[in-house]
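Listed below are the residues making up each chain.
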Amino acid sequence: MRPGTGLAVVGFRDFDVEAGGSSVLRTIRRSRISVERNRLGDSKHGHLSFSGHELSRDGIRAWPRRKEEEVGLLDGRSGLVTGGANGIGRAMAESLAREGANVLVSDIDDDAGVETVQRIRSAGGTAEYLHTDVTDQDAVFAMVQAVVEAFGSLDFAMNNAGGGSAGRPLHRDTKENFEHTIRLDYMSVFYCLKAEIIQMRKQNAGGAIVNTASTAGLSGLAGLAAYGGAKWGVIGLTQSAAVENGRFGIRVNALCPGSTETEAIRGIAEMDPAGYQARTSAIPLGRAGRPEEQADAAVWLVSPRSSYVTGVALPVDGGSIIRR
Ligand SMILES: NC(=O)c1ccc[n+]([C@@H]2O[C@H](COP(=O)([O-])OP(=O)(O)OC[C@H]3O[C@@H](n4cnc5c(N)ncnc54)[C@H](O)[C@@H]3O)[C@@H](O)[C@H]2O)c1
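What you see is a predicted model, and the numbers here were worked out from it, not measured in a lab. (Residues numbered from 1 in each chain as written. Predicted model: local features only at pLDDT ≥ 70, side-chain atom pairs only at ≥ 80, totals over all residues.)

## Points about the site of the ligand
With respect to spatial proximity, 28 residues lie near the ligand, and among them G83, G87, G162, S214 and T262 are the closest. Mapped by element, the contributors of at least two residues to the shell around the ligand are helix 2 (87-98) and helix 7 (263-271). Taken together, the residues of the shell around the ligand sort by class into nine nonpolar, 15 polar and four charged. (Near = placed C-beta within 6 Å. Helix = DSSP H or I, 4+ residues; strand = E, 2+ residues; numbered from the N terminus. Nonpolar A, V, L, I, M, F, W, Y, C, P; charged D, E, K, R; others polar.)

## A look at the environment of R324
Secondary-structure assignment places R324 in the segment after strand 9 (313-316). The exposed category is assigned to R324, around which 11 C-beta atoms lie within 10 Å. Sequence separation between R324 and S219 is 105 residues; the distance between their C-alpha atoms is 7.7 Å. (Buried ≥ 20, exposed ≤ 12 C-beta atoms within 10 Å, placed from the backbone.)

## Brief notes about the packing of helix 2 against helix 3 (residues 110-122)
As a packed pair, helix 2 and helix 3 sit with axes 10 Å apart at the nearest point and diverge in direction by 25°. The pairing of helix 2 with helix 3 is recorded here as roughly parallel in orientation. The chirality of how helix 2 crosses helix 3 is right-handed. The segment helix 2 lies against helix 3, with R90, A93, E94 and A97 engaging T116, R119 and I120. Broken down by class, the residue content of the contact of helix 2 with helix 3 amounts to three nonpolar, one polar and three charged. (Axes fitted to C-alpha atoms, helices over the stretch in contact; angles between N-to-C directions. Parallel < 35°, antiparallel > 145°, perpendicular 65-115°, else oblique. Left-handed = near helix turned anticlockwise from the far one by under 90°. Contact = placed C-beta atoms within 7 Å.)

## Here we look at helix 2
Its twelve residues give helix 2 an end-to-end C-alpha distance of 17 Å, which sits within 8% of 16 Å, the value for a rise of 1.5 Å per residue. A large share of helix 2 lies buried, amounting to eleven of its twelve residues. Looking one or two places after helix 2, you find G100, whose phi comes out positive at around 95°. (Expected span 1.5 Å × (residues − 1).)

## A few points about the nonpolar core
Grouped together as the largest cluster of nonpolar side chains are 66 residues, with contacts concentrated most on M92, A93, L96, V103, V105 and A298. Those residues in contact with M92, other than ones at most four positions away along the chain, are V81, G84, M158, N160, A295 and A298. (Core = buried A, V, L, I, M, F, W, Y, C linked by C-beta atoms within 7 Å.)

## Points about the sheet that holds strand 9
On the basis of which strands lie adjacent, the open sheet formed by seven strands has the order 5-4-3-6-7-8-9 and parallel pairing. Strands with a single pairing partner mark the edges of an open sheet, and in this sheet they are strand 5 (126-131) and strand 9. Here the strands of the sheet are splayed against their neighbours by 20° on average, with no regard to which way each runs. As defined by bridge partners, strand 7 (residues 207-212) adjoins strand 8 (residues 250-257) across six bridges and the pair is classed as parallel. Paired with I209 across the bridge in strand 8 is V252. Together, strand 3 (78-82), strand 4 (102-107), strand 5, strand 6 (156-159), strand 7 and strand 8 form the strand contacts of helix 2, whose direction differs from that of strand 3 by roughly 165°. Running at roughly 175° to strand 6, helix 5 (residues 175-203) makes contact with strand 3, strand 6, strand 7 and strand 8 of the sheet. (Pairing = 2+ DSSP bridges.)

Printed below as a string of structure tokens:
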């Protein structure tokens, strides 16, 4: 369906409107029906919602409410996750696939990347793996082309690959470490955004992009000047890209994880259990996050459920940022 030309219904696919007959349709029309028009193609699907109570008369109780297990939020959409082999990226790839998306998992950790794909496939999802170093612009452009070749279009992207630098004060940081961190956490997002936006504009069907920033990009943290600076930069890139591409139906948002239990964080916790415990108990929700909780927010940000959200830097941090 071309963007802006009509409506499609998701969430009720196994109800046969014809079989329901005209009384069903009349009842539906009388009911509080809200239809989100498929404006500028962010959604390939429109969304129809109604009150189940009002519709429970006239023998149409059988009309199913949305069946989560059968209808994915991202059915038929295609896209990519960078850094999808481990941690938050793996959780993103698995959540996307669970919601019906076709996912290209990219990373430089090939064994773990292939494992992510195998996990998705054995759960019934669709995924491919591609070795991609996100600090290499040509490789990033090839990754976007690989999505199009494998699945036909690029509808969403999660630019997630990245990592922290050694926790030194700024004045003791080295040029090499600083430049490495900027290449990995900042330049990579520029390459990804550029390649993805070119492709999405060419398709002329909108799209949604999430860049993984960090709460370190929302307030200053000791020992993380390079990393924090790069993540602040990612939020800046996100906002500029959102402004430039909104009228093409392309939404661009940033996810700002707080402390999330991935291998890297587990390593830090093992090195300094008391310090980790103290930092964790200062989080309003009293614990570190799980990769799946980051993935849930990211999936929402690329889904039609966030169709009026662009340019935000969303903290998913148990409230830690409001305590700093
Ligand atoms: N875990 C946290 O507490 C936390 C907090 C804030 C932000 N983040 C951000 O979330 C993202 C994911 O972090 P994570 O905790 O899942 O880390 P992780 O180390 O578990 O996963 C990062 C993935 O990126 C891949 N990667 C590294 N360099 C790459 C490169 N040059 N090209 C392609 N892939 C590369 C790694 O192989 C790995 O699979 C990162 O951007 C990180 O900065 C994490």
